[in-house]
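# Commentary on secondary and tertiary structure
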Amino acid sequence: MIELDHISFQYQNSESGSLQDVSLQVNQGECVLLCGRSGCGKTTLTRLINGLIPHYYEGELSGEIWVGGLDVRNAELHETARLVGSVFQNPRSQFFCVDTTGEIAFGCENLGLPPEEINLRVDRTAREMRAEKLLGRSIFHLSGGEKQKIACASVSAMEPEVFVLDEPTSNLDIDAIKDLAETLRLWKARGKTIIIAEHRLYWLRELCDRVIYLQDGKIELDIPMEEFCTYTSEFLTKLGLRTLSLADLSWEKVQPPSGGQLILRGYQYTYGGSLVHALDIPEAILPEGGLIAVIGHNGAGKSTLSKCLCGLVNRCKGVCMSKEGTATRRRMLKKSYMVMQDVNHQLFCESVEEELRLGMEEGAELELVMDALELTAFRERHPLSLSGGQKQRVAIASALLAGKEVLVLDEPTSGLDFHHMEQTARLLRSLNGKQTLFIITHDPELIIRCCNFVIHLEDGRIKEQYALDSAGGLRLRQFFE
């Protein structure tokens, strides 16, 4: 079904090649995992299969690419799109409509299908992906995970022969990941070929037939999943990969800060036209200077809370009380810094170093933070030319250098491999007791490495909150199982 013959590729204006002499064959109906450290070439390989290279991303390409008998290098992009459906790491980059139903139907409309068939496919896809409740919604009012689910549904409705997914779970909660796994099983049962570039591995051990491990643009391992599952956690760590089983996670206790309390009181927010509060927190008593994990299912109100905490929405009611006094929205706007779920919204400068200096507090240790997040080599690069994980690290570095009292990180490890996730956790742990961090995440591997308190949100309300001691660790594990 897919054949790459001695492929090498170097992006335009890049100093080194992203792929070097890669040859690969994938049979029809195979489900293949692409894994490796950030920047190893996974995303580049997916772009070759779906035709975005060379038709969208320019660079120096050699070798041949065939998908279902189609010469992808020389075929028109719309021809490849009939064979290959793509789900990108950032779902916003593939949306064309403002409503969810129209978005799922959009690809089918471009295939020229009759309206009756389109309606049938939209309804069937929404049912199979358990996305019925998302139909008829505004794209702009969806959480990051809900957007990812709509992106998957829009591709599934087109019924291509090959599915290419790039970090599809980066913003999904545990239930949505299970739903996606069921969707992949459905595709497999229909004989579809699936290529998944992914850092989270635990949900794929029962799905993938084969594992391809990339390093520095080359294929270092190409083995059956059964063999890959025999590798120890220690060996996977050496490869820069995450765990294959959440049961193998070991909890690292982070001592709670000895400071005072941070009290959120009367936080309420309602989106325009809705009669239901998207956020409703009468009171929450939190550790000031703590590393607070904010968990909950997609649409629970986590991102809404982050915007309200930072004073980014005008109509949000509520105050934040600490030993320094009471802070209203305007005050929180000055004392807070937020790393957004989609970091492309907050990268403005022409180089990484300029980006980090933009909001940097006087006296901040720029070189130390750059070294800690392995950004020194990219200091002259344009931030938007970096991989998704590298952009994420730039945004995190900007937050750490801003010197604000409250940091809100919305999915800070989205797109990060094991090494950089652990690296980020170490940096966040170093801020314990110095700054209050709200870490909004679906990543249990991050939480167990750096957090000491948990807020569990559902339907815009706090379902439970607890210190991350031994009992709290058990409650956390139960949530992610």
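Further up the page is the structure itself.
Residues numbered from 1 in each chain as written. Predicted model: local features only at pLDDT ≥ 70, side-chain atom pairs only at ≥ 80, totals over all residues. Heavy atoms only, no water.

### What about the overall build of the protein?
Applied cut-off: Helix and strand definitions here come from DSSP, where helices need a minimum of 4 consecutive H or I residues and strands a minimum of 2 consecutive E residues; each element is numbered from the N-terminal end. Only protein chains enter the accessibility calculation, which uses a 1.4 Å probe; a residue is then buried when its area is under 20% of its type maximum, exposed when over 50%, and partly exposed in between. Two residues form a contact once any of their heavy atoms are found within 4.5 Å.
Looking only at helices and strands, the protein has 17 helices and 20 strands in total. Dimensions of the protein along its principal axes, counting C-alpha atoms only, are 70 × 50 × 45 Å. Here the protein, with 481 residues, has 55% of them falling under the buried criterion. Considering only residue pairs separated by 6 or more positions, the protein has 70% of its internal contacts joining residues 24 or more positions apart.

### Let's talk about the state of the cysteines
So the rule is basically this: We call a pair of cysteine sulfur atoms a disulfide when they lie within 2.5 Å.
In this structure the tally under the stated criterion is zero disulfides. With no disulfide of its own, Cys35 has Cys40 as its nearest cysteine by sulfur position, at a separation of 7.7 Å. Unpaired in terms of disulfides, Cys229 finds its nearest cysteine sulfur in Cys208, a separation of 9.6 Å.

### Thoughts on helix α1 (residues 42–49)
With six of its eight residues buried, α1 lies for the most part within the structure. Phi turns positive one or two residues past the end of α1, at Gly51, with a value near 85°.

### Considering the environment of Cys320
Following the sequence through the fold, Cys320 ends up in strand β14 (residues 317–322). Each C-alpha atom, one on Cys320 and one on His277, is 19 Å from the other, the two residues being 43 residues apart in sequence. Setting aside chain neighbours within four positions, we find Cys320 in contact with Leu262, Ile263, Leu264, Tyr267, Gly325, Thr326, Ala327 and Met332.

### A few points about the sheet that holds strand β9 (residues 210–215)
In plain terms, the rule: In this scheme, strands are said to pair when DSSP sees at least two bridges between them. Simply put, an axis is a line fit to the C-alpha atoms, just over the touching stretch for a helix, and the angle between two N-to-C directions goes from 0 to 180 degrees.
Spatially, six strands are ordered β6-β7-β8-β3-β9-β10 in an open sheet, and the strand pairing comes out mixed. Two strands bound the open sheet, and with one partner strand each, they are β6 (84–87) and β10 (218–224). Strand after strand, the sheet turns through a mean of 15° between neighbouring axes, direction not considered. Both β9 and β10 contribute to a ladder of six bridges, which runs antiparallel. Across the sheet, Gln215 pairs through a bridge with Lys218, a residue of β10. With respect to the sheet, α1 is in contact with β3 (31–35), β6, β7 (162–166), β8 (193–197) and β9, its orientation differing from that of β3 by roughly 140°. Together, β3, β7 and β8 form the strand contacts of helix α7 (residues 174–189), whose direction differs from that of β8 by roughly 145°.

### As for the packing of aromatic side chains
The criterion, for reference: Side-chain rings of Phe, Tyr and Trp, where Trp is taken by its six-membered ring, are said to pair if the distance between their centres is within 6.5 Å; with planes under 30 degrees apart they count as stacked, over 60 as edge-to-face, and otherwise as tilted. Working rule: Lys NZ or Arg CZ, within 6 Å of ring centre, within 35 degrees of ring normal, means a charge sits over the ring.
For the coordinates displayed, the defined rule picks out nine aromatic pairs. A centroid spacing of 4.9 Å and a plane angle of 80° characterise the contact between Tyr56 and Tyr57, whose relative ring orientation is edge-to-face. With a relative accessible area of 59%, Tyr56 lands in the exposed category. Aromatic pair Phe228 and Tyr231: ring centres 5.6 Å apart, planes at 65°, arrangement edge-to-face. Here Phe228 and Tyr231 have matching classes, each one buried. Ring pairs connect the aromatic residues Phe9, Tyr11, Tyr56 and Tyr57, which therefore count as one cluster. Over the ring of Tyr57 we find Arg47, and its NZ or CZ is 3.9 Å from the ring centre.

### Thoughts on the sheet that holds strand β20 (residues 461–467)
On the basis of which strands lie adjacent, the open sheet formed by six strands has the order β16-β17-β18-β13-β19-β20 and mixed pairing. Bordering the open sheet on either side are β16 (336–339) and β20, each of which pairs with just one other strand. Across the sheet, the mean angle from the axis of one strand to that of its neighbour is 15°, orientation sign disregarded. Strand contacts of helix α14 (residues 388–402): β16 and β17 (406–410), with the helix running at about 175° to β16, the strand carrying the most contacts.

### Observations regarding the pairing of β17
In plain terms, the rule: Assignment of crossover handedness uses the view with strands pointing away from the viewer, where a clockwise path from the first strand over the helix to the second indicates a right-handed crossover.
Of all five residues that make up β17, five are buried, and the element is covered over most of its length. The sheet contact formed by β16 and β17 spans four bridges and is parallel. Note on β17: the bridge partner recorded for Val339 is Leu409. Strand direction decides the pairing type here: β17 and strand β18 (residues 436–440), joined by five bridges, are parallel. In the sheet register, Val408 faces β18, and the bridge partner there is Phe438. On the question of chirality, the crossover connecting β17 to the parallel β18 by way of helix α15 (residues 418–429) is right-handed.

### Some details on the nonpolar core
The condition that has to hold: Among buried residues, the Ala, Val, Leu, Ile, Met, Phe, Trp, Tyr and Cys ones that are joined through side-chain atoms within 4.5 Å form a nonpolar core.
Of all hydrophobic cores here, the largest spans 95 residues; its most connected members are Leu184, Trp203, Phe228 and Leu476. The leading source of residues in this core is α14, at eight residues. Residues contacting Phe228, with those up to four places away along its chain left out, are Cys35, Leu201, Val211, Ile223, Leu236, Leu241 and Leu244. Grouped together as the second largest cluster of nonpolar side chains are 30 residues, Leu19, Leu48, Ala75 and Leu83 included.

### Focus: the packing of helix α4 (residues 100–110) against helix α5 (residues 115–128)
The line we're drawing: Working definition: roughly parallel below 35 degrees, roughly antiparallel above 145 degrees, roughly perpendicular at 65 to 115 degrees, and oblique for all remaining angles. A clockwise turn of the near helix away from the far one marks a right-handed crossing, whereas an anticlockwise turn of less than a right angle marks a left-handed crossing. All residues other than Ala, Val, Leu, Ile, Met, Phe, Trp, Tyr, Cys, Pro, Asp, Glu, Lys and Arg, Gly among them, are scored as polar; the first ten of these are nonpolar and the last four charged.
Closest axis-to-axis distance for the α4/α5 pair is 9 Å, and the angle between their directions is 130°. In this view, α4 runs oblique relative to α5, as classed from their interaxial angle. When you trace α4 past α5, the crossing you get is right-handed. Listed contacts from α5 to Thr101, Ile104, Ala105, Cys108 and Glu109 of α4 are Ile118, Arg121 and Val122. A per-class count over the contact of α4 with α5 returns five nonpolar, one polar and two charged.

### Focus: the side chain of Thr193
So the rule is basically this: Pairs of N or O atoms within 3.5 Å make up the polar contacts considered here, provided that, within protein, one atom can donate a hydrogen while the other can accept it, and that residues adjacent in sequence are counted only when both atoms are side-chain atoms.
Tracing the sequence through the fold places Thr193 in strand β8. The exposure class of Thr193 is buried, given its relative accessible area of 0%. Within the structure, Thr193 has its side chain in polar contact with the backbone nitrogen of Gly29 (distance 3.0 Å). In contact with Thr193, not counting residues within four places along its chain, are Met1, Ile2, Val26, Asn27, Gln28, Gly29, Glu30, Glu161, Val162 and Phe163.

### What about the environment of Val98?
Mapping Val98 onto the fold places it in the loop between β6 and α4. The class of Val98 is exposed, set by a relative accessible area of 54%. Non-local contacts of Val98, meaning those with residues more than four positions away in its chain, are made with Arg137, Ser138, Ile139 and Phe140.

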